[in-house]
Amino acid sequence: MLTSLKPFFTLVLIPALTVAASATITWTTIDYPGASNTMVLGMNNRGDLVGCFACPGLAVHGFLFSNGIFTVVDFPGAKSTVAEGINDFGDIVGTYQLSDSDPTPRGFFLHNHVVESIRLPGWGSTSLHGINNNGDLVGDSLSNQAQFGFVRKGSVYYRFIFPLSVYTYARAINNAGDIAGYYTGGDLNAPAHGFVLRLGKSKRWKIIDAPGSETHINAVNDRRQLAGQVRQGLTLRGFALSYHDLMILRRTETDFVTATGMDNQANLVGYYYDTVNFRFHGFIRTR
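Summary of the structure given here. (Residues numbered from 1 in each chain as written. Predicted model: local features only at pLDDT ≥ 70, side-chain atom pairs only at ≥ 80, totals over all residues. Heavy atoms only, no water.)

Each helix and strand in the chain was counted, giving 0 helices and 27 strands. When burial is assessed residue by residue, the chain has 52% of its 287 residues classed as buried. Sequence separation of at least 24 residues holds for 40% of the intrachain contacts in the chain that already meet a minimum separation of 6. For the chain, the exposed area adds up to about 13,000 Å²; of that, 55% sits on carbon and sulfur atoms. (Helix = DSSP H or I, 4+ residues; strand = E, 2+ residues; numbered from the N terminus. Buried < 20%, exposed > 50% of the residue type's maximum accessible area, 1.4 Å probe, protein only. Contact = heavy atoms within 4.5 Å. Areas by Shrake-Rupley, 256 points an atom, 1.4 Å probe, with all protein chains shown as cover.)

Below you can see the structure in the form of structure tokens.
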């Protein structure tokens, strides 16, 4: 069953940009052993990380990093797998592609060592990005030249698209059911705007825009703090937003940073592009 949500929305302009201080901040690089590229894409409140890595032959695999140990997370028989979200019970969601002849993205849900393939009926693609402790799943799907976000609660799928937009991406969900993501206008080159969608009796969109920047929201925690990426000119920077205080995350002046996950203590994970060695590295940023 698919149900559409009625839109109500407000606009939030972040009043000021500040650079994150480094005095009490620790950046730890996360690289899968022997991989040419590594991206950390999600975390839970127990310190478990999920993401993906590429072998020198460019095969893509998902991974779980827990207690200092990497475990490969691959959908059975798939050409590529990306693990993107994990809850506090260790349930994992992500996206896989079967083969070159069948490259359509499909979502997967891994629970108690049993994996479920998820593809919305009649839709061209389905990607899963986030899961909360209630087992609610969020992602997006392409259909009829439009990208819809969706949430699955139990066996019911609710789809949504930001009013007058064409592409809506749902990236994360917290335990209160707040959904975070971003949307763009009429084409893929249009500027991106972040949003938080609060479900309930009054379904409300909140637009999150950093001044002068494209804004992608990739994470929301139970304190409704947000994290993601802003584009300023040709430069990509990660960000963390806590109660209207926006911190721009810079590992170095040249590395491009994307924040993809955040726990309830505002520790952050993501990836950065090393412009010296031309490769991606995962990271965890702790306070």
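So much for the structure itself; the text now carries on.
Strands sit in the order 9-10-11-12 across an open sheet of 4 strands; the sheet is antiparallel. Edge positions in the sheet fall to strand 9 (80-86) and strand 12 (114-118), since each has one partner strand and no second. Within this sheet the neighbouring strands show an average axis-to-axis angle of 25 degrees, counted without direction. As paired strands, strand 9 and strand 10 (residues 92-97) are joined by 6 bridges and run antiparallel to one another. Within strand 10, the residue paired with G85 across the bridge is V93. (Pairing = 2+ DSSP bridges. Axes fitted to C-alpha atoms, helices over the stretch in contact; angles between N-to-C directions.)

Further remarks concern the pairing of strand 5 (residues 37-43). Regular strands have side chains that alternate between both faces of the sheet. Where burial is concerned, most of strand 5 is hidden: 5 out of the 7 residues are buried. In terms of strand pairing, strand 5 meets strand 6 (residues 49-54) through 6 bridges, oriented antiparallel. Following the sheet pairing, G42 is matched in strand 6 by V50. Here strand 5 folds back onto strand 6, and the loop between the two strands holds 5 residues, one of which, G47, carries a positive phi near 90 degrees.

Residue placement: L241 occurs in strand 23 (residues 235-242). Linking L241 and Q225, residues 16 residues apart in sequence, is a C-alpha distance of 5.7 Å.

It is worth spelling out the sheet that holds strand 27 (residues 279-286) at this point. As summarised here, the arrangement of the 4 strands in space is 4-27-26-25, forming an open sheet in which the pairing is antiparallel. In this open sheet, the two edge strands, each paired with only one partner strand, are strand 4 (26-30) and strand 25 (256-262). Geometrically, the sheet is characterised by an average inter-axis angle of 30 degrees between neighbouring strands, direction not taken into account. One ladder, built from 6 bridges, connects strand 25 with strand 26 (residues 268-274); its direction is antiparallel. What sits directly across from G261, in strand 26, is V269.

We note that N67 has phi near 55 degrees; this positive angle belongs to a residue other than glycine. The topology assignment puts N67 in the loop between strand 7 (60-66) and strand 8 (69-73). One non-glycine residue, L164, adopts positive backbone phi at about 70 degrees. By the element assignment, L164 lies in the loop between strand 16 (156-160) and strand 17 (167-173).

This part is about the side chain of Q225. Inspection of the secondary structure assignment puts Q225 in the loop between strand 21 (214-220) and strand 22 (226-232). Residue classification places Q225 among the buried residues on the basis of a relative accessible area of 4%. Within the local environment of Q225, its side chain forms a polar contact with the side chain of N221, the two groups lying 2.8 Å apart. Apart from residues lying up to four places away in sequence, Q225 is in contact with A219, V220, L241, S242, Y243, M262, N264 and A266. (Polar contact = N/O pair within 3.5 Å; in protein donor to acceptor, adjacent residues only side chain to side chain.)

Inspection of the entire model under this criterion finds 7 salt bridges. As a salt-bridge pair, K79 and D100 come within 2.3 Å of each other at their nearest N and O atoms. Taken together, the positions of K79 in the loop between strand 8 and strand 9 and D100 in the loop between strand 10 and strand 11 (106-111) put the pair 21 residues apart, joining distant regions of the chain. What makes K79 partly exposed here is its relative accessible area of 47%. Among the residues examined, D100 registers a relative accessible area of 62% and is labelled exposed. In this structure, R231 and E214 form a salt bridge, with 3.4 Å as the shortest nitrogen-oxygen distance. (Salt bridge = Lys/Arg side-chain N within 4 Å of Asp/Glu carboxyl O.)

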